[in-house]
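Tertiary structure, described
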There are 2 protein chains.
Amino acid sequence: MKKIAIYDSTLRDGAQAQGISYSVDDKIRIIERLDALGVDHIEAGNPGSNPKDLEFFTRVREMKLSHARLIAFGATRKVGVAVETDGNVRSLLAAGTDAIAIFGKSWDYQVTQILRTELDENLRMIGDTIRYLKQQGKEVVYDAEHFFDGYKANPDYALATLAEAADAGADCLCLCDTNGGTFPNDIFDITQKAVAQFGKTTIGIHCHNDCEMAVANSVMAVQAGATQVQGTINGIGERCGNANLCSIIPNLQLKLGIECIPPQNLADLTNVARAVSDIANMPHNEKAAYVGGDAFAHKGGMHIDAVVKQPASYEHIDPEAVGNSRRMLMSEVAGRSTLLARIKAVDPSIGKDSPETKKIVDRLKQLEHEGYQFEAAESSFELVVRKILGKYRPFFELIEFKVMVNEPAVNGMNSSAMIKIRVGDEVEITAAEGDGPVNALDKAVRKALERFYPAIAEIRLTDYKVRVLDSKQASAAKVRVLIESTDHREHWTTIGVSTDVIDASWHALVDSIEYKLVREQER
Amino acid sequence: MKKIAIYDSTLRDGAQAQGISYSVDDKIRIIERLDALGVDHIEAGNPGSNPKDLEFFTRVREMKLSHARLIAFGATRKVGVAVETDGNVRSLLAAGTDAIAIFGKSWDYQVTQILRTELDENLRMIGDTIRYLKQQGKEVVYDAEHFFDGYKANPDYALATLAEAADAGADCLCLCDTNGGTFPNDIFDITQKAVAQFGKTTIGIHCHNDCEMAVANSVMAVQAGATQVQGTINGIGERCGNANLCSIIPNLQLKLGIECIPPQNLADLTNVARAVSDIANMPHNEKAAYVGGDAFAHKGGMHIDAVVKQPASYEHIDPEAVGNSRRMLMSEVAGRSTLLARIKAVDPSIGKDSPETKKIVDRLKQLEHEGYQFEAAESSFELVVRKILGKYRPFFELIEFKVMVNEPAVNGMNSSAMIKIRVGDEVEITAAEGDGPVNALDKAVRKALERFYPAIAEIRLTDYKVRVLDSKQASAAKVRVLIESTDHREHWTTIGVSTDVIDASWHALVDSIEYKLVREQER
């Protein structure tokens with residue numbers, strides 16, 4: 001199987017996207033996922049332009065990666081500055097990575113108009129920087145910025161910049177469609193020329209999505225001979241984004257038989273894509289090719305019938321190949337067979353045609369209509385199933401709660417919650433203060449219940465997410481709250497939906513506590 | 001200028017997308033926008049499979065369209081049924097459009113496995129149906145379903161289906177990549193063969209986005225000789241969507257000089273794209289090529305400096321050409337030159353080296369560190385600038401508020417808010433009930449202020465977004481609230497950050513009100 005290298009820039013070019021701002025922990029979690037997926041290079045930041053990135057490299061050097069090489073990214077030396085004293089170049093070396101990517105200009109217009117220097121000085125900037133980094137023992141990737149625009153404007157000069165980089169010892173010449181304006185046929189032709197001339201060096205491709213053709217452009221470049229592809233998970237990046245590795249990898253690997261990542265890892269792709277969306281705190285694109293929740297969702301009755309007969313009728317690949325799955329929308333029959341496995345986990349005696357199955361499907365539809373989504377909240381779903389199957393007894397009954405938020409805060413705590421519950425014949429009333437109303441309510445309900453169910457003390461909430469549904473209703477919009485909990489044995493996710501964020505949080509909290517108590521009963 | 005035809009299926013294939021459900025009014029508004037944009041065909045529905053669509057055609061026949069032709073879409077006659085008596089074919093005629101699209105099978109496997117009939121009968125189904133519709137005086141578009149997969153499996157049979165359609169008098173043979181699995185080079189080669197053989201008839205292209213290459217595939221097909229392109233606005237459609245006309249039209253028209261719509265209408269494209277998102281009740285994809293809010297947004301400081309010098313540095317087209325505009329984002333990595341333009345909008349006397357500029361930059365960094373992000377919340381940013389420049393007087397002072405949430409709800413309202421404010425020497429205390437605590441607080445503060453500032457009555461909140469930052473803190477995590485407001489003259493976005501969702505909402509609400517009052521002062 002032919003092999004090409006995957007070069008991920010989710011942390012560097014991806015961070016240029018609007019709304020993206022990674023913490024150091026976020027970055028480390030993304031590196032771990034990318035390394036496990038099996039990408040070859042991880043471009044982790046620009047230590048020259050961002051002091052936080054330099055700090056981060058210090059910390060990240062201690063990570064043990066199984067496969068990927070970390071890349072520090074930066075510019076060539078500045079106009080008229082000796083490379084040894086150039087601040088950016090020094091920061092790149094200070095990052096301490098084995099591999100470095102530097103970008104330089106290929107477009108004559110950019111040299112004279114933006115850098116405002118001579119064409120020859122630009123060549124020296126490229127050559128000096130690469131030669132110096134190679135002397136320091138680094139692997140060097142040269143990013144030829146605006147290569148395609150530059151080639152169209154002045155092919156001789158664009159090729160001369162590559163020649164300079166190759167002569168200086170660059171390990172890879174990466175052709176960048178920086179503005180994302182180049183067409184697939186031009187990408188193919190120009191890449192083919194670069195490969196013919198500099199084929200001894202690895203040729204890379206770096207595309208942007210401004211014409212919505214970045215994936216096709218990357219594929220065409222590989223077909224023209226490029227053997228390194230740069231891109232980002234989910235295609236995140238500035239403006240319209242970078243080339244989307246979640247589409248490029250399966251396109252090349254499943255359709256053209258070109259290995260991008262170890263074949264056994266391909267089924268992890270959907271998980272990695274969702275994890276990066278979560279870490280970057282962006283809604284996952286459910287329409288995304290291969291890794292979106294709708295990518296293998298069938299709606300039309302005719303299409304569903306055909307897919308049931310022969311999946312290849314309306315599916316270009318087997319969804320399992322990328323760790324995704326088929327979904328039949330608006331189809332009770334198909335829906336039931338999917339649900340059945342989950343229902344059987346609670347009660348193995350239930351069959352496809354049991355009346356309970358229909359009841360659960362109906363309840364599920366009603367809840368989904370209200371804005372519930374059980375894909376992430378399987379524990380709340382299990383509780384719904386238990387309630388319908390009679391495999392559930394309420395652990396407590398809420399009599400009332402009152403949550404108060406005060407501005408200005410009192411003693412540094414702006415919120416307090418009073419709660420009154422009944423367990424069996426006993427009534428407990430208590431209260432707690434918190435940092436925000438949900439925190440106060442969370443503390444109060446645990447306090448009230450711990451006397452009856454000491455196991456509650458083991459629950460830790462590890463994540464709390466709020467998403468607004470139907471946001472046209474503004475401050476009266478419906479919100480969906482997801483709570484992740486753990487007791488160090490397992491972790492579980494529960495959901496609540498309401499027009500009121502407190503009420504939605506309450507339902508998710510109660511589900512979290514009840515799920516824990518159900519598990520305790522079974523132990 | 002070469003001209004090709006644009007065939008829009010937003011109302012038909014677009015309606016297959018998950019979450020899409022148009023009312024008749026929605027459809028009529030979309031048809032009006034598409035006609036004004038200048039598309040050639042509007043595929044409006046499938047009267048055979050959906051009785052509502054048949055009703056709709058009756059109503060829509062009364063519309064006076066300036067340019068576009070309406071299309072009713074449906075299948076060929078069924079296996080073994082006489083075309084005159086086939087229910088679907090009768091519905092197509094009953095729709096009363098001048099033009100009809102029918103789809104038939106090109107893939108031998110689909111004929112034998114899904115239709116479960118003879119290959120010859122499938123040819124007769126295509127021929128009979130087209131011949132009959134032509135006899136009724138209709139323009140007929142023939143959609144060759146699965147054409148590319150069919151061609152790869154059995155080229156002779158796939159071409160025979162086209163020959164049958166052409167012989168029967170079809171006005172257009174549209175080659176469909178129904179499963180979206182075909183690669184650009186194959187689309188090019190196979191389209192070229194079809195054009196060579198059936199070039200006397202218009203050849204169309206219909207792509208799906210399952211490999212994230214539908215736009216490139218459509219462009220390549222046009223380069224191979226296709227002269228009709230089918231797609232949808234914003235690429236909406238089942239699974240990963242249809243080919244996105246909002247990218248294809250400017251790609252072809254601005255980059256290849258091929259006329260798709262009248263040139264003077266191209267600047268309406270972004271408006272049409274946003275209007276369709278609104279009508280379909282989907283969030284607009286801000287990362288979309290050409291028509292997304294981020295398509296010409298620049299964040300990196302270096303990029304911003306270059307774009308200010310020469311827009312072509314990092315923009316592949318002039319954003320105005322498609323009715324979009326350039327945006328410079330505020331962020332850690334943004335240079336001072338970005339900020340300066342914004343600061344100068346408040347006070348033109350401030351320069352790059354003014355001490356106030358440094359103060360603003362420092363304050364911005366501090367706020368970003370706390371979790372604020374001003375990229376989307378430009379109005380809150382303007383208030384920060386005004387406060388530092390002394391161009392702001394407080395409109396009111398909060399003395400205190402108390403928000404109470406009760407479970408169970410009282411009179412159907414579970415939340416109430418009491419608020420006490422000072423305006424000049426006057427103190428106002430009031431209260432309101434709401435659907436959730438934020439809604440109650442929103443109502444209370446407006447009620448308290450309206451007596452002093454009647455203009456507040458014009459503010460409508462149009463969107464409310466909550467995002468949890470650093471969600472590892474679970475229920476005590478920081479949240480960021482964004483509020484979008486409008487007064488029918490302009491719309492603005494404000495931000496609040498706090499560990500308490502009520503407090504964060506409060507800050508965003510206050511900014512929204514103060515921004516409005518600042519604008520009123522200036523009027």
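Scoring rules and cut-offs
Residues numbered from 1 in each chain as written. Chains lettered and ligands numbered in written order. Predicted model: local features only at pLDDT ≥ 70, side-chain atom pairs only at ≥ 80, totals over all residues. Heavy atoms only, no water. Contact = heavy atoms within 4.5 Å. Buried area = accessible area lost by both parts, 1.4 Å probe. Salt bridge = Lys/Arg side-chain N within 4 Å of Asp/Glu carboxyl O. Polar contact = N/O pair within 3.5 Å; in protein donor to acceptor, adjacent residues only side chain to side chain. Helix = DSSP H or I, 4+ residues; strand = E, 2+ residues; numbered from the N terminus. Pairing = 2+ DSSP bridges. pLDDT = per-residue confidence, 0-100. Axes fitted to C-alpha atoms, helices over the stretch in contact; angles between N-to-C directions. Buried < 20%, exposed > 50% of the residue type's maximum accessible area, 1.4 Å probe, protein only. Arc of directions from axis to C-beta. Phe/Tyr/Trp six-rings, centres within 6.5 Å; stacked < 30°, edge-to-face > 60°. Lys NZ or Arg CZ within 6 Å of the ring centre and 35° of its normal. Core = buried A, V, L, I, M, F, W, Y, C linked by side-chain atoms within 4.5 Å. Domains from an automatic or database assignment. Nonpolar A, V, L, I, M, F, W, Y, C, P; charged D, E, K, R; others polar. Expected span 1.5 Å × (residues − 1). Left-handed = near helix turned anticlockwise from the far one by under 90°. Right-handed = clockwise from strand over helix to strand, strands pointing away.

A few words on the interface of chain B and chain A. Chain B puts 109 residues into the contact, and the matching count from chain A is 109 residues. The contact between chain B and chain A buries some 8900 Å² in all, and 50% of this surface belongs to carbon and sulfur atoms. One can count zero salt bridges joining chain B with chain A. Counting across the chain B and chain A interface gives 26 residue pairs in polar contact (both at pLDDT 80 or more). Per-element tally for the side of chain B that touches chain A: the top contributor is strand E13 (residues 397-410) of chain B, with 11 residues. Pairing analysis gives seven bridges linking strand E13 (residues 397-410) of chain A to E13(B), with the strands arranged antiparallel. What sits directly across from Met404(A), in E13(B), is Met404(B).

Turning our attention to the confidence of the model for chain A. All names here are of chain A. For chain A, the mean per-residue pLDDT works out to 89, and 94% of the residues sit at or above 70. Across residues 330-335, confidence stays below pLDDT 50; counting only partners more than four residues off in sequence or on other chains, it has five contacts. Reported confidence for the predicted complex is 0.76 by ipTM and 0.76 by pTM.

The next point concerns the sheet that holds strand E9 (residues 228-231) of chain A. Strand pairing in a sheet relies on backbone hydrogen bonds. The paired strands run either parallel or antiparallel. Residue and element names in this part refer to chain A. Judged by pairing direction, the barrel is parallel, and its eight strands sit side by side in the order E2-E3-E4-E5-E6-E7-E8-E9 before closing back on the first. Across this sheet, the average inter-strand angle for adjacent strands is 25°, counted without regard to direction. Relative to E9, strand E2 (residues 5-8) runs parallel, the two sharing four bridges. Considered in E9, the bridge of Ile6 is made with Val229. Seen against the sheet, helix H7 (residues 155-167) touches strand E5 (99-105), strand E6 (139-145) and strand E7 (172-177) and runs at an angle of roughly 150° to E7.

Attention now moves to the environment of Arg59(A). All names here are of chain A. By the element assignment, Arg59 lies in helix H2 (residues 51-60). Residues Arg59 and Thr493, spaced 434 residues apart in sequence, show a C-alpha to C-alpha distance of 31 Å. Contact partners of Arg59, with chain neighbours within four places excluded, come to Val24, Asp25 and Ile28.

Before going further, it helps to spend a moment on the pattern of salt bridges. One pass over the full model with this rule turns up 56 salt bridges over all chains. Between Lys105(A) and Glu145(A) there is a salt bridge, with the nearest N and O atoms lying 2.9 Å from each other. With Lys105(A) in strand E5 and Glu145(A) in strand E6, the pair connects residues that are 40 residues apart, well separated along the chain. The shortest N-O distance in the salt bridge between Arg422(B) and Glu397(B) comes to 3.3 Å. Residue Arg422(B) is located in strand E14 (residues 413-423), and its partner Glu397(B) is located in strand E13; the two are separated by 25 residues in the primary sequence. Take Arg422(B): its relative accessible area is 33%, and that puts it in the partly exposed class. Under the relative-accessibility criterion, Glu397(B) is labelled partly exposed at 41%. One connected set of salt bridges, linked through shared partners, spans Arg77(A), Glu121(A), Arg124(A) and Asp128(A).

This part is about helix H3 (residues 87-94) of chain B. Residue and element names in this part refer to chain B. Those residues of H3 not exposed but buried are Asn88, Val89, Ser91 and Leu92. Mapping the buried residues of H3 onto a view down its axis gives an arc of 160°, with all of them on the same face. A side-chain oxygen of the first residue of H3 lies 3.0 Å from the backbone nitrogen of Asn88; this N-cap is Asp86. Once H3 ends, the next one or two residues include Gly96, with phi positive near 75°.

Attention now moves to the packing of aromatic side chains. On inspection of all chains with the given rule, the structure shows 16 aromatic pairs over all chains. Seen from their ring centres, Trp107(B) and Tyr109(B) are 4.9 Å apart, and the 35° between their planes marks the pair as tilted. An aromatic cluster of at least three residues, connected via ring pairs, comprises Phe147(A), Phe148(A) and Tyr151(A). The ring of Tyr392(A) has Lys387(A) lying over it, and the distance from NZ or CZ to the ring centre is 5.1 Å.

Residue and element names in this part refer to chain B. Pairing within the closed barrel is parallel, and its eight strands lie in the order E2-E3-E4-E5-E6-E7-E8-E9. Going from strand to strand, the sheet's axes swing by 25° on average, the running direction of each strand aside. Taken strand by strand, helix H10 (residues 245-255) contacts strand E2 (5-8) and strand E9 (228-231), and its axis lies near 155° from that of E9.

Grouped burial of nonpolar side chains is what soluble globular proteins tend to show. Tyr142(A), Phe147(A), Leu162(A), Tyr142(B), Phe147(B) and Leu162(B) are the most contacted members of the largest nonpolar core, which totals 180 residues. Phe147(B) has contacts with Ser106(B), Ala158(B), Leu159(B), Leu162(B), Leu175(B), Cys176(B) and Ile190(B), leaving out every residue within four places of it along the chain. Among the nonpolar cores identified, the runner-up in size contains 84 residues, and Ile419(B), Ala440(B), Val445(B) and Val518(B) belong to it.

Bringing the domain arrangement of chain A into the picture now. Residues and elements named next belong to chain A. As far as domains go, chain A holds domain 1 (2-279), domain 2 (297-388) and domain 3 (397-522). Centre-to-centre separation of domain 1 and domain 2, based on C-alpha positions: 41 Å. If you look at the interface, domain 1 gives seven residues, while domain 2 gives seven residues. Among the residues domain 1 hides against domain 2, the three largest losses belong to Leu254, Lys255 and Thr270. Together they make up 62% of the total. Elements that contribute at least two residues to the side of domain 1 that touches domain 2 include exactly helix H10 (245-255) and helix H11 (269-279). Considering each element in turn, the side of domain 1 that touches domain 2 owes the most residues, three residues, to H10. For the side of domain 1 that touches domain 2, the class distribution of residues is five nonpolar, one polar and one charged.

We now examine the environment of Glu378(A). Residues and elements named next belong to chain A. With respect to the element layout, Glu378 can be found in helix H15 (residues 378-389). The exposure class assigned to Glu378 is partly exposed, which follows from its relative accessible area of 43%. Separated by 230 residues in the primary sequence, Glu378 and Phe148 place their C-alpha atoms 48 Å from one another. Beyond its immediate stretch of four places on either side in the chain, Glu378 contacts Arg342 and Thr493.

With that settled, the discussion passes to helix H8 (residues 184-198) of chain B. A rise of 1.5 Å per residue sets the reference length of H8(B), with its 15 residues, at 21 Å; its end C-alpha atoms lie 21 Å apart and thus fit the reference within 8%. Every buried residue belonging to H8(B) is among Pro184(B), Ile187(B), Ile190(B), Thr191(B), Ala194(B) and Phe198(B), and all of these are buried. Projection of H8(B) onto a plane perpendicular to its axis shows the buried side chains occupying an angular sector of 135°, all on one side. Residues of H8(B) that are buried make contact with helix H9 (214-223) of chain A together with helix H6 (147-153), helix H7 (155-167), strand E7 (172-177), strand E8 (202-207) and helix H9 (214-223) of chain B.

What follows covers the packing of H7(A) against helix H8 (residues 184-198) of chain A. Residues and elements named next belong to chain A. Where H7 contacts H8, the axes come no closer than 11 Å and their chain directions differ by 40°. At the point where H7 passes H8, the crossing takes the right-handed sense. Residues Leu159, Leu162, Ala163 and Ala166 of H7 lie in contact with H8, whose contacting residues are Ala194, Gln197 and Phe198. Grouping the constituent residues of the contact of H7 with H8 by class yields six nonpolar, one polar and no charged.

Bringing unusual backbone geometry into the picture now. Only a minority of non-glycine residues have a phi that is not negative, and only a minority of peptide bonds are not trans. Residue and element names in this part refer to chain A. Each neighbour pair has its own omega, and for Glu407 with Pro408 the value is 5°, a cis peptide bond. You will see that Glu212, though not glycine, has its phi angle at about 60°, which is positive. The topology assignment puts Glu212 in the loop between strand E8 (202-207) and H9. The buried category is assigned to Glu212, whose relative accessible area is 18%.

Turning our eyes to something else, we now look at the side chain of Thr97(B). Mapped onto the elements of the fold, Thr97(B) is located in the loop between H3 and strand E5 (99-105). Excluding residues that lie within four positions of it along the chain, Thr97(B) makes contacts with Phe57(B), Leu70(B), Ile71(B), Ala72(B) and Lys138(B).

Attention now goes to the pairing of E7(B). The side chains of a regular strand alternate, first on one face of the sheet and then on the other. Residue and element names in this part refer to chain B. Across the six residues of E7, six count as buried, placing the element largely inside the fold. Along E7, one buried face is formed by Cys172, Cys174 and Cys176 and the opposite face, lined by Leu173, Leu175 and Asp177, is buried too. As judged from the four bridges shared by strand E6 (residues 139-145) and E7, these two strands associate in the parallel manner. Each bridged residue has a counterpart across the sheet, and for Asp143 the counterpart in E7 is Cys174. As defined by bridge partners, E7 adjoins E8 across six bridges and the pair is classed as parallel. From the neighbouring strand, Leu173 faces E8, where its bridge partner is Ile203. The handedness of the E7 to E8 crossover, carried by H8, is right-handed.

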